Number of protein chains: 2
Amino acid sequence: MPQNSPQGPDFFARQRTLLEQAVTATTCRDHWSPYPESPSKSVYGEDAAKLGEQAFREQIGKPFDLPGHPGEARVSPAERSPYGFPLGVTYPRLGPDAAVAAAKAAAPAWRDAGPDVRAGVAAEILSRLNAASFEIAHAVQHTTGQAFVMAFQAGGPHAQDRGLEAVAYAWAEQKRHPSTARWSKPQRKGGPLVMDKRFTPVGRGVSLLIACNTFPTWNGYPGLFASLVTGNPVVVKPHAGAVLPLAITVRVAREVLAEAGFDPNLVLLAAEEPGERTAGALALHPDVRIIDFTGSTEFGDWLEANANQAVVYTEKAGLNTVVLDSTDDYRGLLSNLAFSLSLYSGQMCTTPQNLFVPRAGIATDQGVRTADEFAADLAAALDKLLADPARAAGTLGAVVNDGVRERLALAADVGHTVRASTRIKHPEHPEADVRTPLVAQLDAETDRDAYTREWFGPVSFVIGTDSTEHSLGIFRETVRRHGALTAAVHSTSEAVLATAEEAALDAGVHLSENLTGGVFVNQSAAFSDFHGSAANPAASATLSDPAFVTGRFATLQSRRPVIAEEPAHA
Amino acid sequence: MPQNSPQGPDFFARQRTLLEQAVTATTCRDHWSPYPESPSKSVYGEDAAKLGEQAFREQIGKPFDLPGHPGEARVSPAERSPYGFPLGVTYPRLGPDAAVAAAKAAAPAWRDAGPDVRAGVAAEILSRLNAASFEIAHAVQHTTGQAFVMAFQAGGPHAQDRGLEAVAYAWAEQKRHPSTARWSKPQRKGGPLVMDKRFTPVGRGVSLLIACNTFPTWNGYPGLFASLVTGNPVVVKPHAGAVLPLAITVRVAREVLAEAGFDPNLVLLAAEEPGERTAGALALHPDVRIIDFTGSTEFGDWLEANANQAVVYTEKAGLNTVVLDSTDDYRGLLSNLAFSLSLYSGQMCTTPQNLFVPRAGIATDQGVRTADEFAADLAAALDKLLADPARAAGTLGAVVNDGVRERLALAADVGHTVRASTRIKHPEHPEADVRTPLVAQLDAETDRDAYTREWFGPVSFVIGTDSTEHSLGIFRETVRRHGALTAAVHSTSEAVLATAEEAALDAGVHLSENLTGGVFVNQSAAFSDFHGSAANPAASATLSDPAFVTGRFATLQSRRPVIAEEPAHA
């Protein structure tokens, strides 16, 4: 089989060192990132910020240009910035059958190129996405409602990190077996049986990415790149509210693929308007063999139950939990937690919702604080963090959709509101609906119905329990049943921490302990922290690990006998 | 987390070198096996054969002894040797709820033991299974109908090889990430953010093995050992016709687990009587999270569509295909193929069924042979191979069940019978229904309905086509649609072989080329040949590769800040 590009630059040679570093990073799990997270001129260049914003502004109200992309008509998803203006970009209309047909037609040369070439192309795409980080940041801000710096970091370099991490796993897993091997089995009589064998990784088929409204790139890149590098064409189906960041991504991917001599239809955009049902139709197409999904539990469960022709990787929703037992840094605990609740106005799949506190209180360096006192102290910490509207606007986010607003309205009547959600005036975008977190106090016994549902958005509950043991019991049981993407514990007792670790293993969730400084439970670092886990119902996959990539390809084998050579004559 | 046995011998220390060799073998793919395939006294000892047979004979007509195994009543599956006598062994009756409850209760200490301890225990189990190879061989022979030497090899050492291969992948994949790591992220101001992280592989949950009638150990061990080593308890549900080989396996596994200080209920037997529906009930149990299945396409498809709470690894059925183009060793081709069709009377999931030959013929070292001539030559090669009943009895097998007999009767009316299936008299077991292969001649155009169904048993078709290109087209299309576990091609042309390799990649099946000597298409060697592939409908897994093990566990993480130490004073 050929192991090279049909033509064009040797991206694998260009990216090989980076790829090798990335593979090493997945096994070391120390801090590592090739894509600087700081949107500073010293890193990205004097004009990068200006040019990126300009590129974003120039898209507004125009047909998005994807040269050579199939699709006869245009889709107008009517994206609207949560900061208060319409984007009005249109995209090619590509139906499920046409998308799958174009993807399949592009696949054979991609399969024959082999894992090195594919990984090189993928790393080059990521490199160019990194150069486009400012353009992507504006697109992410004005589709998701994230503040600019977060949109830059989470939508740009951190998403690129997660993409490269998936590339690294996908590349390494395809090279676990040699491409050729000689097998020689001794026989009792005569010479050995000798066979030459060839091993070829072959993609599973057309891959479908169903992306979400809040983190279109961060949650989308792992599946996109894992599938691409394992030899599969990818159909990208963005959320109707957040098409632009992925349209830019598709544009960059197609440019690199074409330069490398491949059919750019290896990456396709299947945009839709609100209310269309493209995702479901694509997901049941018999030739769609891989699905990556981020979004609601309802649709994720439907995909897992119905798209039986495909392997399905989902990230859904759950009950992110904090168990509070004791601390020797109460001030740090409160400020860390207040920031976690505030970031992007709680619209992260990782934002803590259920904070379990013994009613009698937790031991702190400022004395015992009862559940009531803790709830009040947390409210005060939020007030302090968000006191200055300009600074608060950089931490909070604009409300991404009406669902969040509706849940906020409902939450005002749940339990005892300790801190109401308020709207702050954004200094640059006065029309933006930027909200602060609501904190309500509940009781573990009487308010079970409320806290065993997910309240996606800036809604968190301080829940009084009998004891830390009681808290850990509810944590274990509710997360096993309803899932969670994050969990945290605060305790000064090694015994309690050990019990909490056991409970987290039982519940199937990753655990953060005693976060009081600059690391937050809702953030995970690629190449070191795993995000999500199939071990609880909130997800069926981890970003990223070998399980995230091995189902996307098969290693097929051929073998033939080695004909014994004539013995050489002297 | 503790990384050791609760008590007992250190099996990991004992087995470590073997495990490391096994992992290396999976990456080299040269011939390697620690379990000798020859049932000779020089290897297994003077008395092994006699003692093994004695152990088998002593079981007949008795309750099978599984000390401490739960289950109140007994199951009488009425196993009957295809060689003509009843086994009459009874087993504990264990319902789905009781099985799952016992398995779950055993799991926590197994999780905490860690991958090294689990791999050590598994390798020790395999070592003791190897020592029991003669007992297992008799049990396999008299449940499956395999001839003794095949029952010994495929049911004993080759099954053990496949088991160890799964252990090696499962062990290595759990150790891809370190158990602890320190993460240090530089900050613009002040010292770095530093976190200590711990990574723990955690099994997915209760694992269910649904085994088959023909290869209970060879097809059963990979899933059993992959699940066990990744931290999951395993409920073994044998086919009602082939319980004994897996009951012996469960007995050995429980002995080793108990010696190592673990709850022996980590491996449980859920035997049933013919007509019971235990497999379906177990498969839908919400706490069954992993299923390994070998058997009919119908039930495999049902599992894939309905057991959504579990990851499902199936090996079903398909259209094993041989494409004949040309050869420079016609005699070798015929004798190799005749042996492949005869082995175990065609009752292998790997036996070739569809042999495509251009009607005008294939070029051989004995001149062009038309499709008609090839069919006659193959029939003659079978007659020659099977001329001596005593020797034939060592190659063929006894018919395993009435389904095979019924298909043989139906096949007599399909196409033009070139060679009828005959019954040979087994010298030691005159009652055994030992059959020779039926060969019928079909046409690619007119007999499509016949050859696009699977005829499990000694039924093969010589199918006339327009050309090799036509043959390859049908091969590609029928295997993509209906699946296959094996494929083979014969050609003297490198161009045709290259096209056949492309077609096999398209079809998603492993390919054997120009087999004319001592390697047969229906045999695959652990650590070198892959068996099955999710790339076509005949299976959803490969024995074994990383994809076969990574879905059986999740790596869960905890992290905590590292408190900066006080600077040392001078």
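In what follows, the structure referred to is the one given above.
Residues numbered from 1 in each chain as written. Chains lettered and ligands numbered in written order. Predicted model: local features only at pLDDT ≥ 70, side-chain atom pairs only at ≥ 80, totals over all residues. Heavy atoms only, no water.

This paragraph deals with the overall build of chain A. Counting its regular elements, chain A contains 19 helices and 21 strands. Computed over the C-alpha atoms, the radius of gyration of chain A is 25 Å, within 12% of the 25 Å expected from 2.2 N^0.38 for a compact globule of 570 residues. With respect to the three principal axes, the spread of C-alpha positions in chain A is 95 × 65 × 45 Å. Residues counted as buried form 61% of the 570 residues belonging to chain A. (Helix = DSSP H or I, 4+ residues; strand = E, 2+ residues; numbered from the N terminus. Rg over C-alpha atoms; globule rule 2.2 N^0.38 Å. Buried < 20%, exposed > 50% of the residue type's maximum accessible area, 1.4 Å probe, protein only.)

Let us look at the packing of helix α5 (residues 133-144) of chain A against helix α6 (residues 148-155) of chain A. Residues and elements named next belong to chain A. Remark: α5 packs on α6, axes separated minimally by 8 Å, with the N-to-C direction vectors making an angle of 120°. Classified by the angle their axes make, α5 and α6 are oblique. Crossing hand, α5 versus α6: right-handed. Counting all contacts with α5, which are made through Ser-133, Phe-134, Ile-136, Ala-137, His-138, Val-140 and Gln-141, the residues of α6 involved are Phe-148, Ala-151, Phe-152 and Gly-155. Broken down by class, the residue content of the contact of α5 with α6 amounts to seven nonpolar, four polar and no charged. (Axes fitted to C-alpha atoms, helices over the stretch in contact; angles between N-to-C directions. Parallel < 35°, antiparallel > 145°, perpendicular 65-115°, else oblique. Left-handed = near helix turned anticlockwise from the far one by under 90°. Contact = heavy atoms within 4.5 Å. Nonpolar A, V, L, I, M, F, W, Y, C, P; charged D, E, K, R; others polar.)

This part takes up the relation of the copies chain B and chain A. Its rotation angle being 180°, the transformation that places chain B on chain A also includes 0.0 Å of axial translation and leaves an RMSD of 0.0 Å. Expressed as a symmetry operation, the mapping of one chain copy onto the other fits a two-fold axis. When C-alpha distances to the rotation axis are compared across chain B, the minimum falls at Ala-547 of chain B, with a value of 3.4 Å. Taken as a fraction of all interface residues of chain B, those also at the interface in chain A reach 100%, which identifies the copy contact as same-surface. (Least-squares fit on C-alpha atoms with pLDDT ≥ 70 in both.)

Residue and element names in this part refer to chain A. Within strand β13 (residues 354-358), five of the five residues are buried, leaving the element largely enclosed by the surrounding structure. Neither face of β13 is open: one carries Asn-354, Phe-356 and Pro-358, the other Leu-355 and Val-357, and all of them are buried. Summarising the sheet, strand β12 (residues 321-324) and β13 pair through three bridges and their orientation is parallel. Considered in β13, the bridge of Val-323 is made with Phe-356. Note that the unit made of β12, helix α12 (residues 330-342) and β13 has a crossover that is right-handed. Sheet analysis places β13 next to strand β18 (residues 459-465), joined by five bridges and oriented parallel. By the bridge assignment, Asn-354 is partnered in β18 with Phe-461. (Pairing = 2+ DSSP bridges. Right-handed = clockwise from strand over helix to strand, strands pointing away.)

All right, on to the interface of chain B and chain A then. At the interface, 76 residues of chain B touch 76 residues of chain A. For the chain B and chain A pair, buried surface summed over both sides reaches about 6,300 Å², with 49% attributable to carbon and sulfur atoms. At the boundary of chain B and chain A, one finds 20 salt bridges. For Glu-513 of chain A, the salt bridge goes to Arg-560 of chain B, with nearest N and O atoms at 2.7 Å. Seen at the junction of chain B and chain A, the total is 45 residue pairs in polar contact (both at pLDDT 80 or more). Element by element, the count of residues in the side of chain B that touches chain A is highest for strand β21 (residues 553-561) of chain B, at eight residues. For the side of chain B that touches chain A, the class distribution of residues is 31 nonpolar, 21 polar and 24 charged. (Buried area = accessible area lost by both parts, 1.4 Å probe. Salt bridge = Lys/Arg side-chain N within 4 Å of Asp/Glu carboxyl O. Polar contact = N/O pair within 3.5 Å; in protein donor to acceptor, adjacent residues only side chain to side chain.)

On to the packing of helix α1 (residues 11-28) of chain B against helix α4 (residues 96-131) of chain B. Residues and elements named next belong to chain B. Two elements in contact, α1 and α4, have axes separated by 8 Å at closest approach and are oriented at 80°. The pairing of α1 with α4 is recorded here as roughly perpendicular in orientation. Contacts between α1 and α4 involve Phe-11, Phe-12, Arg-14, Gln-15 and Leu-19 from the first element and Asp-116, Ala-119, Gly-120, Val-121, Ala-123, Glu-124, Ser-127 and Arg-128 from the second. Of the residues in the contact of α1 with α4, the class split is six nonpolar, three polar and four charged.

Another aspect to go through is unusual backbone geometry. The phi torsion of most residues other than glycine is negative, and most of the peptide bonds are trans. Residue and element names in this part refer to chain A. Geometrically, the link from Leu-543 to Ser-544 is a cis peptide bond, its omega value of -25° lying close to zero. Tracing the backbone through its elements, the reader meets Ser-544 in the loop between β20 (511-513) and α19 (546-550). For Tyr-344, which is not glycine, the phi torsion reads 50° and is therefore positive. Note that Tyr-344 resides in the loop between α12 and β13. Among the residues examined, Tyr-344 registers a relative accessible area of 0% and is labelled buried.

Residues and elements named next belong to chain B. In terms of residue burial, strand β6 (residues 193-203) counts as a mostly covered element, since eight of its 11 residues are buried. Two strands pair when backbone bridges link them, and strand β5 (residues 180-185) and β6 are joined in this way by six bridges, in the antiparallel orientation. Pairing of Arg-182 across the sheet is with Asp-196, part of β6. Inspection of the sheet shows β6 paired to β21 by nine bridges, in the antiparallel sense. The residue of β21 that forms the bridge with Arg-198 is Ser-558.

To continue, consider the side chain of Ser-345 of chain A. Residue and element names in this part refer to chain A. Topologically, Ser-345 is positioned in the loop between α12 and β13. A relative accessible area of 1% means that Ser-345 is categorised as buried. Side-chain polar atoms of Ser-345 contact the backbone oxygen of Arg-435, separated by 2.6 Å. In contact with Ser-345, not counting residues within four places along its chain, are Leu-396, Gly-397, Arg-435, Gly-457 and Pro-458.

All names here are of chain A. One open sheet accounts for five strands, arranged β9-β8-β7-β10-β11; its pairing is parallel. Unpaired on one side and paired on the other, β9 (267-269) and β11 (311-315) mark the two borders of the sheet. Neighbouring strand axes in the sheet, compared pairwise and without regard to direction, differ in orientation by 15° on average. Bridge analysis of strand β7 (residues 206-210) against strand β10 (residues 288-294) gives five bridges, and the strand direction is parallel. In the sheet register, Ser-207 faces β10, and the bridge partner there is Ile-290.

For the rest of this paragraph, the subject is the sheet that holds strand β8 (residues 234-237) of chain B. Residues and elements named next belong to chain B. Taken in spatial order, the five strands make up an open sheet running β9-β8-β7-β10-β11, and their pairing is parallel. Taken across any chain shown, the strands that pair with only one partner, and hence form the sheet edges, are β9 (267-269) and β11 (311-315). For this sheet, the mean angle separating the axes of adjacent strands, direction not counted, is 15°.

Residue and element names in this part refer to chain B. When the terminal C-alpha atoms of helix α17 (residues 468-482) are compared, their 20 Å separation across 15 residues agrees well with the 21 Å that a helix rising 1.5 Å per residue should span. Looking only at α17, the buried set comprises Thr-468, His-470, Ser-471, Leu-472, Ile-474, Phe-475, Thr-478 and Val-479. For α17, the secondary structure elements touched by its buried residues are β12 (321-324), β13 (354-358), α16 (448-451), β18 (459-465), β19 (487-490) and α18 (494-507). One or two positions beyond α17, positive phi appears at Gly-483, with a value near 85°. (Expected span 1.5 Å × (residues − 1).)

Quick look at the environment of Glu-513 of chain A now. Considering the arrangement of structural elements, one finds Glu-513 of chain A in strand β20. Assessed through its relative accessible area of 1%, Glu-513 of chain A is described here as buried. Taking the C-alpha atoms as reference, Glu-513 of chain A lies 46 Å from Ala-99 of chain A; in sequence the two are 414 residues apart. When near neighbours in sequence (up to four residues on either side) are disregarded, Glu-513 of chain A contacts Val-489, Leu-497 and Glu-501 of chain A together with Ser-558, Arg-559, Arg-560 and Pro-561 of chain B. A polar side-chain atom of Glu-513 of chain A sits 2.7 Å from a polar atom in the side chain of Arg-560 of chain B.

What follows is about the packing of aromatic side chains. Each aromatic ring pair is summarised here by two numbers: the centre-to-centre distance and the angle between the ring planes. What the rule picks out here adds up to 36 aromatic pairs over all chains. Between Phe-148 of chain B and Phe-152 of chain B, the aromatic rings sit 6.4 Å apart at their centres with planes inclined by 40°, giving tilted as the arrangement. Note that Phe-148 of chain B and Phe-152 of chain B are positioned in helix α6 (residues 148-155) at a spacing of four residues, about one turn of the helix. Looking at Phe-148 of chain B, the relative accessible area reads 24%, which means it is partly exposed. Taking 5.8 Å as the distance between ring centres and 85° as the angle between the ring planes, the aromatic pair formed by Tyr-221 of chain B and Phe-225 of chain B counts as edge-to-face. Here the residue Tyr-221 of chain B and the residue Phe-225 of chain B both occupy positions in helix α8 (residues 221-229), the gap between them amounting to four residues, near one helical turn. On the basis of relative accessibility, which here comes to 1%, the residue Phe-225 of chain B falls in the buried class. Grouping aromatic residues by their ring pairs yields a cluster made of Tyr-44, Phe-134, Phe-148 and Phe-152 of chain A. Sitting over the ring of Phe-548 of chain A, Arg-552 of chain A keeps its end group 4.3 Å from the ring centre. Positioned over the ring face of Tyr-313 of chain B is Arg-552 of chain B, at 4.2 Å from the centre of the ring. (Phe/Tyr/Trp six-rings, centres within 6.5 Å; stacked < 30°, edge-to-face > 60°. Lys NZ or Arg CZ within 6 Å of the ring centre and 35° of its normal.)

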